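The residues making up each chain are set out below.
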Amino acid sequence: MITLKNITKIYKTKTIETTALNDIDLHVPKGEFLSIMGPSGCGKSTLLNIIGLLDAPSSGTIEVDGQQVKKYASRATAKFRNEKLGFIFQSFHLIPDLNVIDNVELPLLYRNMPSKKRKEMAASALESVGLANRKSHFPSQLSGGQKQRVAIARAIVGKPNIILADEPTGNLDSVMGDEVMEILGRLNKEDKTTIIMVTHDERMAKKTDRLVRLYDGTQVA
Amino acid sequence: MITNYIKLAIRGMGRRKFFTFISLFGISFTLGILMVNLSFLQSELGANKPLSNKDDFVFMSHLALKRTHFDTIPNIDTTFDQGIAVYDTTFEYKKTGSSMTQSNISHDLIKTFFSNLPSTENLTAFNPESINDVYINGIKLSIQTMYTDANYWKMFDHSFIEGRSFNETDVEISAPVAVISSKTALNYFGVSENVIDKEIEIGNNSYKIIGVFKHVGKFIPFVSPDLVLPYAVEPESPYSNYYNGSYRAMFQKKSDVSVKKMKEDILTAAATIPIDHPDNQYGYNELEVIPASYMESFAQNIYYDKDPEKSLRTAKWIVYSLFLFFLLLPTLNLINLNISRILDRSSEIGVRKAFGAHQGNIIFQFIIENIVQTFIGGVLGLALAIIIINILNKGGFLGSAELNLYPKFFIYSFLATLFFGILSGLLPAWRMSKLHIVKALKNAKL
């Protein structure tokens, strides 16, 4: 489903060149729950951003769901992200001026879908994460765990094949973190959604199918 | 999608109250002032009664008598020939100065020399500058009185509430009749109609009311007098002579004649006025009149140039520039405000782009939000315009001018504000839409 070959990412400034990723090869089959671990600054989030087509590699190829991606800033890539990918962020990134249901339906806004259908799909996604009774609340009225569950609902509302989660339990306590992992695990097992998760937490990583370790931009395991 | 953006705009405005206040104040103030100004221009310059025919009018308000002074100047050159001074005197006849007198025009001069010009449909002479004070129940009432002829009523199409205007016969027999505005009727009699055949006391004379016209309120006195009397009843002025008086002339051209031709005919007629009348006591040797179209004469109040056409051109530039400046200044301010406001939302932009929004979606979103803000500002601006116009009308700050809020000017002003509102949102939206997704997400505030 996801194949990375010789992926390198170098950040250049006027005086310094930093290699964030060095010649990474990675294959993620369909339906796998993969976690990526490593110390801070090892390139985990950079790798996730490249897989999620949010950033372009300096060199190498990437193939996602059978499509080789070449232009990262194009409308076609934006459409591809909208249809095939879902994102969960450590800081949730909910829009504070929209209520829960409007936040969840956000990916569907860019699919030219009727409002009624959007609302139905958003309600269904909220139900799957156990927050159907909070749809009119605003993010400021939710706990951290609830916010992350809303973010998960937003990530899955468009029924993407792949979910990319960047430290989804990083800002949560262990109880809430377990709740989030339980939802992700259910998505992976029942809906066969491919999930790639960046984490610092060994305990969370053990709940996944496979672990990839990075050190200084290089894959070590 | 648009509903989503509108909700976002309204909620965002509520959350960032200070920015919202500044933005809405700028928009509503701009729109309000724009509408008041447009209403003023429409009120004064629009083809509304009694100025439905104004585009056919040529105005002649003054007559100038000029004299160029010549003198013989001796030039003495001194040379020395074998020690003896030789004086050589030459005489030069040259212009040493000029003098001029300018005033309004004698009524008889207007009638004698400017009636029946080939391009004229109608001609009226009027003196609008008399103010008569009367006391009603101990309260002073200043009545702006105009003396004119029967043709005035053919050219200025006032709406009559009751009665009639005075005609040629009334003027010929110096009938003591008066036509008043509805405002004067209300102020003098306590009612704005049913005053026909009542008497109005002006100075030591009584005049019978024969007509009441609807008060319109204009800045220019001859368009909105309080009281109109036949010129024949005007007391003789010691300051009038063959040339000078207190009258202006308004010509109405024929429909198939240009304003330029009308002006040429007026100048041709003026050239036939003799300069050597005994009333020319100071030996003036030149007579000048400067006819101007209605718009040109109005423009001379904004920018005076002896050439009325130049006045109108310059006045138009001044007005357009002021309007543009007035719209651009808050626009530039709003651009600044919008940039800082949108920077706060960089993480939202990152999230939207991550989930499939392209550059056009982001720009469209911010334009919609700006339109919502501009619309709310527009409604506030309309309210502000209504308040300002009411204050100006009731306070009499524009003389007898009365402003009205015309719906079309709300639409024009709103469209202009909308255009500049969108413009002020476009640049910040374009900048933010180009933001790299990862950088935008990194700018998030926890």
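As a reminder, the structure under discussion sits directly above these lines.
Residues numbered from 1 in each chain as written. Chains lettered and ligands numbered in written order. Predicted model: local features only at pLDDT ≥ 70, side-chain atom pairs only at ≥ 80, totals over all residues.

1. Considering the overall build of chain B
So, step 1. On a plain count of helices and strands, chain B comes out with 13 helices and 13 strands.
So, step 2. Going through the 446 residues of chain B one by one, you find that 38% of them count as buried.
So, step 3. Across chain B, the fraction of contacts at a sequence separation of at least 24, relative to all contacts at a separation of at least 6, is 77%. (Helix = DSSP H or I, 4+ residues; strand = E, 2+ residues; numbered from the N terminus. Buried ≥ 20, exposed ≤ 12 C-beta atoms within 10 Å, placed from the backbone. Contact = placed C-beta atoms within 7 Å.)

2. Brief notes about the interface of chain B and chain A
So, step 1. Contacts between the two partners involve 24 residues from chain B and, on the opposite side, 21 residues from chain A.
So, step 2. Breaking the side of chain B that touches chain A down by element, the ones donating at least two residues are α1 (2-15), α10 (346-354) and α13 (437-442) of chain B.
So, step 3. Ranked by the residues each element gives to the side of chain B that touches chain A, the list is headed by α1(B), at 7 residues.
So, step 4. Partitioned by chemical class, the residues of the side of chain B that touches chain A number 11 nonpolar, 7 polar and 6 charged. (Nonpolar A, V, L, I, M, F, W, Y, C, P; charged D, E, K, R; others polar.)

3. Here we look at unusual backbone geometry
Residue and element names in this part refer to chain A.
So, step 1. In the Ramachandran plot, Leu53 falls in the positive-phi region, its phi being about 60° despite a non-glycine side chain.
So, step 2. Turning to its location among the elements, Leu53 is positioned in the loop between α1 (44-51) and β4 (59-64).
So, step 3. In this model, Glu167 sits at a positive phi of 50°, which is unusual for a non-glycine residue.
So, step 4. Look at Glu167 and you get buried, because 20 C-beta atoms sit within 10 Å.

4. Section: the pairing of strand β5 (residues 139-148) of chain B
Residue and element names in this part refer to chain B.
So, step 1. Pairing analysis gives 9 bridges linking strand β4 (residues 120-136) to β5, with the strands arranged antiparallel. Note on β5: the bridge partner recorded for Asp133 is Ser142.
So, step 2. Between the antiparallel neighbours β4 and β5 lie 2 residues, among them Asn137 with a positive phi of about 50°. (Pairing = 2+ DSSP bridges.)

5. A word on the pairing of strand β2 (residues 17-28) of chain A
So, step 1. Sheet topology places strand β1 (residues 2-12) of chain A next to β2(A); 8 bridges connect them, and they run antiparallel. Paired with Thr3(A) across the strands is His27(A), a residue of β2(A).

6. Description of the sheet that holds strand β5 (residues 67-68) of chain A
Residues and elements named next belong to chain A.
So, step 1. Taking strand neighbours across the sheet as the criterion, the 4 strands line up as β2-β1-β4-β5 in an open arrangement whose pairing is antiparallel. Single-partner strands in this sheet number two, and they are β2 and β5.
So, step 2. Packing of α1 onto the sheet brings it into contact with β1, β2 and β4, and relative to β1 it is tilted by some 120°. (Axes fitted to C-alpha atoms, helices over the stretch in contact; angles between N-to-C directions.)

7. Let's talk about the packing of helix α9 (residues 308-343) of chain B against helix α12 (residues 407-433) of chain B
All names here are of chain B.
So, step 1. Between α9 and α12, the shortest axis-to-axis distance is 9 Å and the interhelical angle comes to 35°. Note that α9 runs across α12; the crossing there is right-handed. On the side of α9, the interface is formed by Leu327, Thr331, Leu334, Ile335, Asn338, Ile339 and Ile342, while α12 contributes Ala416, Phe420, Leu423, Ser424, Gly425, Leu427, Pro428, Ala429 and Met432.
So, step 2. Grouping the amino acids of the contact of α9 with α12 by side-chain chemistry returns 12 nonpolar, 4 polar and no charged. (Left-handed = near helix turned anticlockwise from the far one by under 90°.)

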